[in-house]
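# Architecture at a glance
Here is how the chains run, residue by residue.
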Amino acid sequence: MGRPTKMEKLGIVDSLRNAYQGKKVFLTGHTGFKGAWMLLFLRELGAEVTGYSLAPKHGNDLFHLIDGSTYCNHIEGDIRNRKRLADAIEAADPDFVFHLAAQALVLDSYDIPVETYDTNVMGTIHTVDAMRSLNGKPRFGIIITTDKVYENQERIEPYAENERLGGFDPYSNSKACAELATQSYRDSFFNPAKFDSHQTSIATARSGNVIGGGDWSANRIIPDLVRALQNGEELVMRNPSAIRPWQHVLDPIYAYLLLGTRMQENPIRFADAFNFGPRPSDELTVQQLVEIAIDRWGSGTYNTPELANQPHEAKLLKLAIEKAKEQLGWEPQFTAAEAIAETIDWYATYKGNPYQTTLNQIQNYLTRLG
Ligand SMILES: NC(=O)c1ccc[n+]([C@@H]2O[C@H](COP(=O)([O-])OP(=O)(O)OC[C@H]3O[C@@H](n4cnc5c(N)ncnc54)[C@H](O)[C@@H]3O)[C@@H](O)[C@H]2O)c1
């Protein structure tokens, strides 16, 4: 038994608050689905957030619904614009950079492959490159990629962090490229062995298929289902038998924040790549997910037509999460059924007060963490 870490002494929530209270956080992608949850979570922990993203796409985006621009220094900017991004990062003088901005949709990446690579690869390089000119205090960069970065062999065994990267479609492949570019920046400019000279620690986070309230993206199963339920229509389900590592949005956000906390404690050891997925017993097919969601909503129907000429999408994808469990002490807090229930309950109740609905779910999550 080693000496207890600061986190074991403090308890998880206190150590998260300790890490982020009053800290400057630069958050890219804060107008997106995960970014808006992350923004509120960071604010709940007392962080000062600068957000840098494109404008929200839809009038009912979570960022709009919670009035996100009032909780951060809100910058509308393009991560492909290297100078503007670098200037914004320099001005923010962040302790933490969480890089979430991306062209995040697989199907869109078939329509706009060049833009997808440009945003996901060059946008990531611009972000880590901008951290090179910062100095004077420790900095922690957490680059968000995805479970889809692995060369998918459609096998039953889960992928561990040291396995070969790949990616069939431009989205997955661009995220694998972002991993490789980050690794090169870590080796070349932010080498953990020379942390004392550059004081920058960079990690990557690969999480699973995220569900949660406030996602309105096209061609994602929960938003597609909610639109169908709200309009009294039948859901047309693509890939009913595909298995995915579903998780509630708060589980990966907690993972990113915990990783940042751990990096702050030990910037050398945790400058690494980590998978964050559900427990193996919680990996469901698309059809199982939909059936549980419809049950929670109380009504709804779906069909699974044979869809011809569909673009390729992975059928089977599982993530090994032992490394995050053993090294970071991270564990998913929700079962799949709980994650689906939280998600459906958000959509069923958000209209009265979307900000409060979202905040209540965050506060309940913090209570769960203890
Ligand atoms: N949602 C998921 O299931 C899931 C799973 C694994 C990983 N991820 C990753 O998590 C991150 C957030 O995903 P999300 O679901 O919130 O996506 P989203 O599409 O809801 O949000 C994307 C965000 O990136 C911003 N953005 C896109 N292009 C930009 C550009 N050129 N310049 C500046 N900002 C830009 C958007 O404005 C938005 O704020 C992404 O990196 C994504 O790849 C998502």
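The structure this text deals with has already been given above.
Residues numbered from 1 in each chain as written. Predicted model: local features only at pLDDT ≥ 70, side-chain atom pairs only at ≥ 80, totals over all residues.

Moving on, we come to the overall build of the protein chain. From N to C terminus, the protein chain includes 15 helices and 13 strands. Computed over its C-alpha atoms, the radius of gyration of the protein chain comes to 20 Å, within 12% of the 21 Å expected for a compact globule of 370 residues. Its C-alpha atoms put the protein chain at 60 × 45 × 40 Å along the principal axes. By residue count, 48% of the 370 residues in the protein chain fall in the buried class. In the protein chain, the proportion of contacts linking residues at least 24 apart, taken out of those at least 6 apart, comes to 79%. (Helix = DSSP H or I, 4+ residues; strand = E, 2+ residues; numbered from the N terminus. Rg over C-alpha atoms; globule rule 2.2 N^0.38 Å. Buried ≥ 20, exposed ≤ 12 C-beta atoms within 10 Å, placed from the backbone. Contact = placed C-beta atoms within 7 Å.)

Below, the discussion takes up helix H12 (residues 286-297). Taking 1.5 Å as the rise per residue, H12 with 12 residues should run 16 Å; its terminal C-alpha atoms sit 16 Å apart, in good agreement. Looking at H12, one finds that the buried residues are Val286, Leu289, Val290 and Ala293. When H12 is viewed along its axis, its buried side chains cluster within an angular range of 95 degrees and face the same direction. Of the surrounding elements, those touching the buried residues of H12 are helix H10 (221-230), strand E8 (235-236), strand E10 (246-248), strand E12 (284-285), strand E13 (302-303) and helix H14 (336-349). Positioned one or two residues after H12, Gly298 has a phi angle of 105 degrees, which is positive. (Expected span 1.5 Å × (residues − 1). Arc of directions from axis to C-beta.)

Glancing now at the nonpolar core. If you look at the biggest cluster of nonpolar residues, it comprises 98 residues, and the most contacted ones within it are Phe98 and Leu259. The dominant element in this core, judged by the number of residues it contributes, is helix H11 (residues 250-265), at 9 residues. With near-sequence residues (within four places) excluded, Phe98 lies in contact with Val25, Leu27, Met38, Ile142, Ile144 and Tyr256. (Core = buried A, V, L, I, M, F, W, Y, C linked by C-beta atoms within 7 Å.)

Before going further, it helps to spend a moment on the packing of helix H5 (residues 82-92) against helix H7 (residues 113-130). As a packed pair, H5 and H7 sit with axes 9 Å apart at the nearest point and diverge in direction by 40 degrees. In terms of axis orientation, H5 runs oblique to H7. Here H5 and H7 pass one another in a crossing that is right-handed. Residue-level contacts link Arg82, Leu85, Ala86 and Ile89 of H5 to His126, Thr127 and Ala130 of H7. Split into classes, the residues belonging to the contact of H5 with H7 amount to 4 nonpolar, 2 polar and 1 charged. (Axes fitted to C-alpha atoms, helices over the stretch in contact; angles between N-to-C directions. Parallel < 35°, antiparallel > 145°, perpendicular 65-115°, else oblique. Left-handed = near helix turned anticlockwise from the far one by under 90°. Nonpolar A, V, L, I, M, F, W, Y, C, P; charged D, E, K, R; others polar.)

Taken in spatial order, the 7 strands line up as E3-E2-E1-E4-E5-E6-E11 in an open sheet, and their pairing is parallel. Edge positions in the open sheet fall to strand E3 (73-76) and strand E11 (273-276), since each of these has one partner strand only. Averaged over all adjacent pairs, the angle separating strand axes in this sheet is 15 degrees, with direction ignored. Bridge count between strand E5 (residues 139-144) and strand E6 (residues 200-207): 6 bridges; the pairing is parallel. Residue pairing across strands places Ile142 opposite Ala203, the latter belonging to E6. Contacts between helix H3 (residues 33-44) and the sheet are confined to strand E1 (24-28), strand E2 (48-53) and strand E4 (96-99), with E2 contributing the most and set at about 165 degrees to the helix. Contacting E1, E4, E5 and E6, H7 runs over the sheet at an angle of about 175 degrees to E4. (Pairing = 2+ DSSP bridges.)

Moving on, we get to the packing of H3 against helix H15 (residues 354-369). H15 packs onto H3 with a crossing angle of 60 degrees between their chain directions and a minimal axis gap of 10 Å. The angle between the axes of H3 and H15 places the two elements in the oblique class. Crossing geometry of H3 relative to H15 is assigned as right-handed. Residues Leu40, Phe41 and Glu44 of H3 form the contact with H15, whose own contacting residues are Thr358, Leu359 and Ile362. Its residues placed into classes, the contact of H3 with H15 shows 4 nonpolar, 1 polar and 1 charged.

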